[in-house]
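Take a look at the letters that make up each chain.
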Amino acid sequence: MLLLLLAIADEADDWGHKAGPALDTLGPKCRCTARTVIRLIQAAEGMGELRVIRNANQLNQYQLT
């Protein structure tokens, strides 16, 4: 999960907001498949480490907490 949070932080602005990398971008950075990235995002969201802003027909945005 640490690699996922670091990959999202790499795409975020200085305040940890407005990160919207695609699963295809996060997968190689985390060294895992897109499905595993989804599971890690769900786990991080459940732990309160990550807030997911879901947008219909667009990329989701992530906010580090």
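Residues numbered from 1 in each chain as written. Predicted model: local features only at pLDDT ≥ 70, side-chain atom pairs only at ≥ 80, totals over all residues. Heavy atoms only, no water.

(A) Summary view of helix 1 (residues 2-11). Where helix 1 is concerned, the buried positions are Leu4, Leu5, Ala7 and Ile8. Taken down its axis, helix 1 places every buried residue within 160° of arc, on the same side. Relative to its buried face, helix 1 has exposed residues pointing more than 90 degrees away, namely Leu2, Leu6 and Asp10. Buried residues in helix 1 make contact with helix 2 (23-30), helix 3 (34-47), strand 1 (50-53) and strand 2 (61-64). (Buried < 20%, exposed > 50% of the residue type's maximum accessible area, 1.4 Å probe, protein only. Helix = DSSP H or I, 4+ residues; strand = E, 2+ residues; numbered from the N terminus. Arc of directions from axis to C-beta. Contact = heavy atoms within 4.5 Å.)

(B) A look at the nonpolar core. If you look at the biggest cluster of nonpolar residues, it comprises 14 residues, and the most contacted ones within it are Leu4, Ile8, Leu26, Ile41, Leu50 and Tyr62. If you list the elements that add at least two residues to this core, you get helix 1, helix 2, helix 3 and strand 1. Broken down by element, this core gets its largest block of residues, four residues, from helix 1. (Core = buried A, V, L, I, M, F, W, Y, C linked by side-chain atoms within 4.5 Å.)

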